[in-house]
Amino acid sequence: MSGVSSAAYFARRAAQKEKVRILYRRALKDTLNWAVHRHIFYRDASDLREKFNANQDVEDVDRIDKLIAHGEAEYDKWRHPDPYIVPWAPGGSKFCRNPTPPAGIEIVYNYGQEDNP
Amino acid sequence: MALRNALLRHLRVPVQNLAVRGSNQSQIGFLGSMRAFSSHDDHLSKQDVVDRVLDVVKSFPKVDPAKVTPEVHFQKDLGLDSLDTVEIVMAIEEEFKLEIPDKEADKIDSCSLAIEYVFNHPMSS
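Residues numbered from 1 in each chain as written. Chains lettered and ligands numbered in written order. Predicted model: local features only at pLDDT ≥ 70, side-chain atom pairs only at ≥ 80, totals over all residues. Heavy atoms only, no water.

**Overview of the overall build of chain A**
And step 1. Helix and strand content of chain A: three helices and zero strands.
And step 2. Overall, chain A shows an N-to-C arrangement of helices and strands of α-α-α.
And step 3. On the principal axes, the C-alpha backbone points of chain A span a range of 85 × 45 × 20 Å.
And step 4. Counted over contacts in chain A with a minimum sequence separation of 6, partners at least 24 positions apart contribute 61%.
And step 5. Working note: accessible area of chain A is about 9200 Å², and carbon and sulfur atoms make up 57% of it.
And step 6. Of the side chains in chain A, 18 bear a positive and 17 a negative charge, and the two mean positions are spaced by 6 Å. (Helix = DSSP H or I, 4+ residues; strand = E, 2+ residues; numbered from the N terminus. Contact = heavy atoms within 4.5 Å. Areas by Shrake-Rupley, 256 points an atom, 1.4 Å probe, with all protein chains shown as cover. Lys, Arg positive; Asp, Glu negative; His and termini not counted. Charge placed at Lys NZ, Arg CZ, Asp CG, Glu CD.)

**Some words on the pattern of salt bridges**
And step 1. Applying the stated rule across the entire model yields 17 salt bridges over all chains.
And step 2. For the salt bridge of Glu-18 of chain A with Lys-103 of chain B, the shortest nitrogen-to-oxygen distance reads 3.5 Å. Pair noted here: Glu-18 of chain A is in helix H1 (residues 2-34) and Lys-103 of chain B is in helix H5 (residues 102-107), and the two residues belong to different chains.
And step 3. Accessibility expressed as a relative area gives 26% for Glu-18 of chain A, which makes it partly exposed.
And step 4. For Lys-29 of chain A, the salt bridge goes to Glu-99 of chain B, with nearest N and O atoms at 3.7 Å. On the criterion of chain membership, the pair formed by Lys-29 of chain A in helix H1 and Glu-99 of chain B in the loop between helix H4 (82-95) and H5 is interchain, its members lying in two chains.
And step 5. For Glu-99 of chain B, a relative accessible area of 25% corresponds to the partly exposed category.
And step 6. Connected through salt bridges with shared partners, the residues Arg-25, Arg-26 and Lys-29 of chain A together with Glu-93, Glu-99 and Asp-102 of chain B form a single ionic network. (Salt bridge = Lys/Arg side-chain N within 4 Å of Asp/Glu carboxyl O. Buried < 20%, exposed > 50% of the residue type's maximum accessible area, 1.4 Å probe, protein only.)

**What about the side chain of Arg-49 of chain A?**
And step 1. By secondary structure assignment, the location of Arg-49 of chain A is in helix H2 (residues 38-54).
And step 2. Arg-49 of chain A gets classed as buried once you look at its relative accessible area, which sits at 7%.
And step 3. A distance of 3.3 Å separates the side chain of Arg-49 of chain A from the side chain of Asp-81 of chain B, its partner in a polar contact.
And step 4. Leaving out residues up to four positions away in the same chain, Arg-49 of chain A has contacts with Tyr-24 of chain A together with Lys-62, Asp-81, Leu-83, Asp-84 and Glu-87 of chain B. (Polar contact = N/O pair within 3.5 Å; in protein donor to acceptor, adjacent residues only side chain to side chain.)

**Focus on the UniProt feature "domain: Carrier" (unreviewed entry) in chain B**
And step 1. With numbering aligned to this structure, UniProt lists the feature "domain: Carrier" (unreviewed entry) at residues 47-122 of chain B.
And step 2. Across residues 47-122 of chain B, the secondary structure splits into 55% helix and 0% strand, with the terminal C-alpha atoms separated by 16 Å. (UniProt positions renumbered as here; feature names shortened; annotations may be inferred.)

**A closer look at unusual backbone geometry**
And step 1. A positive phi angle is found at Asn-98 of chain A, which is not glycine, with a value near 50 degrees.
And step 2. Locating Asn-98 of chain A in the fold gives a position in the segment after helix H3 (61-77).
And step 3. The exposed category is assigned to Asn-98 of chain A, whose relative accessible area is 68%.
And step 4. Even without a glycine there, the phi angle at Lys-97 of chain B is positive, about 55 degrees.
And step 5. In this structure, Lys-97 of chain B sits in the loop between H4 and H5.

**Regarding the environment of Asn-33 of chain A**
And step 1. Relative to the helices and strands, Asn-33 of chain A resides in helix H1.
And step 2. Separated by 3.0 Å, the side chain of Asn-33 of chain A and the backbone nitrogen of Tyr-84 of chain A make a polar contact.

**Some thoughts on the nonpolar core**
Residue and element names in this part refer to chain B.
And step 1. In this structure, Val-57, Leu-78, Ile-92 and Phe-96 are the most contacted members of the largest nonpolar core, which totals 27 residues.
And step 2. Elements that contribute at least two residues to this core include exactly helix H3 (46-58), H4 and helix H6 (111-120).
And step 3. Tallying contributions element by element places H3 first for this core, with six residues.
And step 4. Leaving out residues up to four positions away in the same chain, Ile-92 has contacts with Val-53, Val-56, Ala-114 and Val-118. (Core = buried A, V, L, I, M, F, W, Y, C linked by side-chain atoms within 4.5 Å.)

In structure tokens:
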């Protein structure tokens, strides 16, 4: 019984840790979107890191859930309207531009002039 | 600089190298030059990827550059935090102009995984 509950506990903690990592990653990218100049970005990134580090020793699972929800709400509030996305990625400017033509299509270079090459 | 070296390598041992390099290059132009005429043909060589990833990891302020090898694990060997791992993965994304989805980025835990991911990604540059 306790084995089952501790496995569930660890699974829940692991899921929370993954959520925290993904939240930190998105928040860092967002910070880079807002603060384009590197020196400002470094300052804001270290502030963000301090905020995350301040809560890193919390053990109570429910409190961690509340903190994560609070963090995600903050992230939603601060999302950049025009984030930088790598051009070939979905949402970027080159996405789906020049897709590979379907197989079997070929370009005939001397159309109309096959008789006199 | 890399082009010059590659050209010198070609001119020295032309026959042997062409057979090996033919698999990498999709077209070998005149004089066996290595220049590729399309931006999608020149994928990074493994050594390039390894060098650049190690440079990124070494320039991270919390990392001791002497300990960095291509098989190092960020949390076990270098003593970094999980948030530090996230930062390193972001730095690698910026270095190679990649966009790694969140689930994939979460799994990158060591230098070897990072190098493998970047090398196998078709759009790394």
